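# Survey of secondary and tertiary structure
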Amino acid sequence: MGRDKVIKPDNTAVRTALWRALHVQTDAKPHILEDEIGFKLIAPDDDWQERPDMKYTKRLRASIVARSRFIEDIAKEQIEKGVKQYVLLGAGLDSFAQRNTAISSYVDIYEIDQHDTLTWKEEKLIENGYKILGNLHFVPVDFEISSWWDELLNKGFNVEQRAFVSCIGVTLYLTKEAITDTLKKMTLLAPGSTIAMAFYLPLELLDEEDKPLMEMSIKGAAASGTPFVSFFSVEEIIKLAEKVGLKEIQTISTKDMTEKYFKNRTDNLLPASGEFFLVAKTL
């Protein structure tokens, strides 16, 4: 008899959730994002803060909380404008639905990620006393071999209704063909829908102080079987967004994030360079 496979969340999803918690537990107030729900679900060992990927990655932690806050700000703004569908591509251990019950109860939230990550997350949420309401939809998918779009439609997503779609921490692991296809699918959203998607700059375009950390990350990702695949310049992404037919195209840089969220801090917390956002609308 073979043993049942142990279901575990993706390592990247765990690391990201722990960084968000570490921000609350160790960085000065005001916190850019207050999110310890993933930490509760993971219940790490007592010495988790001593892990090398926690201890020596302050700038990466700052980037993670900034991007999460940035996405949530757009989500809240879109919901206030009457958008009733929020899709998280690569949801990981995101906890928007649990932390924003006053507004999330009016919206259908579709969390798309790998099967094991979502199955584990759902089980742990229930174990920790969180109700899974009918408007929270888990959409398991393998991005490279099956269509996230088809799976989303199968879960009752209404293509006639405006939506906000976020995609963070995903493009690094996809081929350029898969990314182009993802953007093309997004143009099928109802007119006036908003998308926000994170991309990563090539190593040579990073600030000098961030290059060694990114080189380590590239090696670590390859060693763990989830290699980084795609990097883009800002110009490449603007061209790609225009080519597929998106409108009102903006790109948001690390510098913009610093200006938005890190002014007048007492702890010198600053985000790493390397990640930027495409924000655009459908026609």
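Structure: see above.
This text gives an overview of the structure that appears in the document. (Residues numbered from 1 in each chain as written. Predicted model: local features only at pLDDT ≥ 70, side-chain atom pairs only at ≥ 80, totals over all residues. Heavy atoms only, no water.)

Let us look at empty space enclosed by the protein. Scanning the entire structure with this criterion turns up 1 cavity of 30 Å³ or more. Volume-wise, the largest cavity comes out at about 80 Å³. Ser63, Ala66, Arg67, Ile252, Ser253, Thr254, Met257, Pro271, Ala272, Glu275, Phe276 and Phe277 are the residues that line the largest cavity. Split into classes, the residues belonging to the lining of the largest cavity amount to 7 nonpolar, 3 polar and 2 charged. (1 Å grid on protein atoms, 1.4 Å probe; cavity = no way out; pocket = protein on both sides within 12 Å on 5 of 7 lines; lining within 4 Å. Points joined across faces, edges and corners; volume = space filled by probe spheres on them. Nonpolar A, V, L, I, M, F, W, Y, C, P; charged D, E, K, R; others polar.)

Take the pattern of salt bridges next. Under the criterion given, the structure shown has 19 salt bridges. Arginine 51 serves as the salt-bridge partner of aspartate 53, at 2.7 Å between the closest nitrogen and oxygen. Put simply, lysine 263 and glutamate 259 hold a salt bridge, and the shortest N to O gap is 3.1 Å. Salt bridges sharing partners connect three or more residues here, namely Arg20, Asp35, Glu72 and Arg99. (Salt bridge = Lys/Arg side-chain N within 4 Å of Asp/Glu carboxyl O.)

The subject of this paragraph is helix α9 (residues 176-186). The set of residues buried in α9 consists of Ala178, Ile179, Thr182, Leu183, Lys185 and Met186. Taken end-on, α9 shows its buried residues confined to a sector of 155 degrees, consistent with a single buried face. Where α9 is buried, its residues touch β1 (85-89), α8 (148-154), β4 (164-167), β5 (194-200), α11 (234-244) and β7 (275-281). (Buried < 20%, exposed > 50% of the residue type's maximum accessible area, 1.4 Å probe, protein only. Helix = DSSP H or I, 4+ residues; strand = E, 2+ residues; numbered from the N terminus. Arc of directions from axis to C-beta. Contact = heavy atoms within 4.5 Å.)

What follows deals with the packing of α9 against α11. Running from N to C, α9 and α11 cross one another at 45 degrees; their axes reach a closest spacing of 9 Å. Relative to α11, the element α9 is oriented oblique. The handedness of the crossing between α9 and α11 comes out as right-handed. Across from Lys176, Thr180, Leu183 and Lys184 in α9, the residues of α11 making contact are Glu236, Leu240 and Val244. Tallied by class, the residues present in the contact of α9 with α11 amount to 3 nonpolar, 1 polar and 3 charged. (Axes fitted to C-alpha atoms, helices over the stretch in contact; angles between N-to-C directions. Parallel < 35°, antiparallel > 145°, perpendicular 65-115°, else oblique. Left-handed = near helix turned anticlockwise from the far one by under 90°.)

Geometry only, nothing functional implied.
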